[in-house]
Amino acid sequence: MENTLQKIADKMKRAKRVLIVCHMRPDGDAYGSALALSTALDFLKIPNQVCVESDLPSNLAFIDGIEKVKKKPSEGYDLFVCVDCSDEQRLGALVEEFIKAKRLRIDTVNIDHHISNTRYANDNYVRECSANCMNVAALIKLLGVELNKKIAEYLLIGLLTDSGIFSHDDVDEECFLLAAELVKAGADIRYYQYNLFKKQAKARAALFAKTMSKIRYYHDDRFAVIVITKQAMEECGADNGMTEGFVDFPLNVDSVEVAASVMEVKKGQYKISLRSKEYADVNKIAAVYGGGGHVRAAGCMLFGDVEEILDKLSYTVSQYLE
């Protein structure tokens, strides 16, 4: 594995222009991974650009430099790098760019931490860990770039996001040691913890109250579901970005082992976010519907009537509550 990461670092140092992409509807770990790597390449004076198919989520708009992220590349490149993306379809509209790169025999790289990763690139470095920013931090060191304050801030955003502020069961010594290194480099952990997890607009508070007042319970209260409709978001003046973290609340109910957020993307299409507490493998649950992620956190997309979707989810989850 280390040889693979060194090989990727060597390719980056030889590249004339690098395109960095991450999964659609990116979270803090995706943006943190991409922006940290981009900043390291800037330091090496290697031209690069960061692209994501999605609009900037409101909850991450505070991140310095995030405005440099574009929806599609404006220039050519000779190295295509995917970060925090388990398969090429999760690139969304940018999957066409990936297919074009493969057709033109442009080198492709995949740096990820999801157990469901399909190893879709020419060079794949996939290591399960709390956050993909841990893999990117290791890559940046192999590039010979010091973890300065700006890079440390981006990496900390990813670390805090995907570790659940160091609360998930895959958090280990390495995770804490990297956090200490990032804080030493100048990243303000209190600032990012507040902005990522505590600060919220009045609209988010209203949507949160409306959503949590209608939690549904199944299977002797071991499975909890929240449904977030576009109508509810419009009534509260909220947007998709404000729903980050909603799925974690029902998981805190003592009896609940699996929690799901069912968010309406458009009519007949719902984004499913899954979380588990102790034993249920939600990566396997999501995989039933073509999704994936981690053992304790995963997601997928479902189509159809919401009540039918809830019936399907309830049945599938029941198979993993034994």
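Residues numbered from 1 in each chain as written. Predicted model: local features only at pLDDT ≥ 70, side-chain atom pairs only at ≥ 80, totals over all residues. Heavy atoms only, no water.

K.L.:
In this structure, what is going on with the sheet that holds strand E5 (residues 123-126)? I would like to understand it.
P.N.:
Pairing is parallel across the open sheet formed by 5 strands, whose spatial order is E2-E1-E3-E4-E5. Each of the sheet's edge strands pairs with one partner strand only, and the pair in question is strand E2 (48-51) and E5. The sheet shows a mean angle of 15° between the axes of neighbouring strands, direction not considered. Examined bridge by bridge, strand E1 (residues 18-22) and E2 share 4 bridges and lie parallel to one another. The residue of E2 that forms the bridge with Val18 is Asn48. Sitting on the sheet, helix H3 (residues 95-103) is in contact with E1, strand E3 (79-83) and strand E4 (107-112), with an inclination near 140° to E3. (Pairing = 2+ DSSP bridges. Helix = DSSP H or I, 4+ residues; strand = E, 2+ residues; numbered from the N terminus. Axes fitted to C-alpha atoms, helices over the stretch in contact; angles between N-to-C directions. Contact = heavy atoms within 4.5 Å.)

K.L.:
Honestly, the pattern of salt bridges in this entry has me stumped. Any pointers?
P.N.:
Pairing is possible between side chains that carry opposite charge, provided their charged atoms lie close to one another. Scanning the model with the defined rule gives 16 salt bridges in all. Residue Asp123 pairs with Lys11 through a salt bridge whose shortest N-O separation is 2.4 Å. Here Asp123 is found in strand E5, whereas its partner Lys11 is found in helix H1 (residues 2-14), with 112 residues between them in sequence. A relative accessible area of 15% means that Lys11 is categorised as buried. In this structure, Asp248 and Arg275 form a salt bridge, with 3.7 Å as the shortest nitrogen-oxygen distance. Separated by 27 residues along the polypeptide, Asp248 in helix H10 (residues 248-251) and Arg275 in strand E9 (residues 269-276) bring together distant segments of the chain. Its relative accessible area of 33% is what places Asp248 among the partly exposed residues. Here the residues in one salt-bridge network are Lys7, Lys11, Asp107 and Asp123, joined through shared partners. (Salt bridge = Lys/Arg side-chain N within 4 Å of Asp/Glu carboxyl O. Buried < 20%, exposed > 50% of the residue type's maximum accessible area, 1.4 Å probe, protein only.)

K.L.:
Teacher, can you tell me more about the packing of aromatic side chains here?
P.N.:
In this structure the tally under the stated criterion is 10 aromatic pairs. Consider the rings of Phe208 and Phe249, whose centres lie 5.2 Å apart with planes at 80°: the pair is edge-to-face. With a gap of 41 residues between them, Phe208 in helix H8 (residues 202-212) and Phe249 in helix H10 connect regions that are remote in the sequence. Pairwise contacts between aromatic rings join Tyr77, Phe80, Phe98 and Tyr120 into one cluster. (Phe/Tyr/Trp six-rings, centres within 6.5 Å; stacked < 30°, edge-to-face > 60°.)

K.L.:
Any chance you could explain a negative patch on the surface here in plain terms?
P.N.:
A cluster of acidic residues, Glu128, Asp170, Asp172 and Glu173, forms a negative patch on the protein surface. As for its placement among the helices and strands, Glu128 is situated in the loop between E5 and helix H4 (132-142). (Patch = residues over 30% accessible without salt bridge, like charges linked within 9 Å, V, L, I, M, F, W, Y side chains within 5 Å. Areas by Shrake-Rupley, 256 points an atom, 1.4 Å probe, with all protein chains shown as cover. Lys, Arg positive; Asp, Glu negative; His and termini not counted. Charge placed at Lys NZ, Arg CZ, Asp CG, Glu CD.)

K.L.:
Hey, could you run me through the environment of Ser167 in this one?
P.N.:
Examined against the element boundaries, Ser167 turns out to sit in the loop between helix H5 (149-163) and helix H6 (173-184). Judged by relative accessible area, Ser167 falls into the exposed class, the value being 53%. Each C-alpha atom of the pair Ser167 and Ser130 lies 9.9 Å from the other, and the pair is 37 residues apart in sequence.

K.L.:
Would you mind going over the packing of H5 against H6 with me for this structure?
P.N.:
When two helices pack together, their arrangement is given by the angle between their axes and by how far apart the axes lie. Where H5 contacts H6, the axes come no closer than 10 Å and their chain directions differ by 145°. The handedness of the crossing between H5 and H6 comes out as left-handed. Contacts between H5 and H6 involve Ala152, Leu155, Leu156, Leu159 and Ser163 from the former and Cys175, Leu178, Ala179 and Leu182 from the latter. Across the contact of H5 with H6, the residue classes tally to 8 nonpolar, 1 polar and no charged. (Left-handed = near helix turned anticlockwise from the far one by under 90°. Nonpolar A, V, L, I, M, F, W, Y, C, P; charged D, E, K, R; others polar.)

K.L.:
Sorry if this is basic, but what is going on with helix H12 (residues 306-318) here?
P.N.:
Because each turn of an α-helix spans 3.6 residues, side chains separated by three or four positions end up pointing in the same direction. Compared with the 18 Å implied by 1.5 Å per residue over 13 residues, the 18 Å span of H12 between its first and last C-alpha is a close match. Buried within H12 are the following residues: Val306, Ile309, Leu310, Leu313, Ser314, Thr316, Val317 and Ser318. Tucked inside the fold, the buried residues of H12 contact strand E6 (216-218), strand E7 (223-228), strand E8 (258-266), E9, helix H11 (282-287) and strand E11 (297-303). For H12, the side-chain oxygen to backbone nitrogen distance between the N-cap and Glu307 is 3.0 Å, and the N-cap itself is Asp305. (Expected span 1.5 Å × (residues − 1). Polar contact = N/O pair within 3.5 Å; in protein donor to acceptor, adjacent residues only side chain to side chain.)

K.L.:
Help me understand the nonpolar core, please; the structure alone is not making it clear to me.
P.N.:
Across soluble globular proteins, nonpolar side chains have a tendency to be buried as a group. Residues Met12, Leu37, Val81, Ile111, Leu139, Leu155 and Leu159 are the most contacted members of the largest nonpolar core, which totals 57 residues. Setting aside anything within four residues of it in sequence, one finds Leu159 in contact with Ala131, Cys133, Met134, Phe166, Cys175, Leu178, Ala179 and Leu182. Membership of the second largest hydrophobic core comes to 22 residues, among which are Leu302, Ile309, Leu310 and Val317. (Core = buried A, V, L, I, M, F, W, Y, C linked by side-chain atoms within 4.5 Å.)

K.L.:
Where do I start with H3 in this structure?
P.N.:
Looking only at H3, the buried set comprises Val95, Glu97, Phe98 and Ala101. Seen end-on, H3 carries its buried residues on one side only, within an arc spanning 155°. Among the exposed residues of H3, those pointing more than 90 degrees away from its buried face are Glu96 and Arg103. Contacts from the buried residues of H3 go to E1, E3 and E4. The positive-phi residue at the C-terminal boundary of H3 is Arg105, with phi of around 60°. (Arc of directions from axis to C-beta.)

K.L.:
Just to check I follow, could you spell out the side chain of Ser273 for this structure?
P.N.:
Its place among the elements puts Ser273 in strand E9. For Ser273, the residues in contact, after removing those within four places along its chain, are Val247, Ala259, Ala260, Ser261, Ala298 and Gly299.

K.L.:
Help me understand the pairing of E11 in this model?
P.N.:
If a strand is regular, its side chains alternate between the two faces of the sheet. Across the 7 residues that make up E11, a large majority, 5, are buried. Across 2 bridges, the pairing between strand E10 (residues 292-293) and E11 is antiparallel. Among the inter-strand pairings, Gly293 is bridged to a residue of E11, identified as Ala298. In this structure, the hairpin formed by E10 and E11 is closed by a connection of 3 residues.

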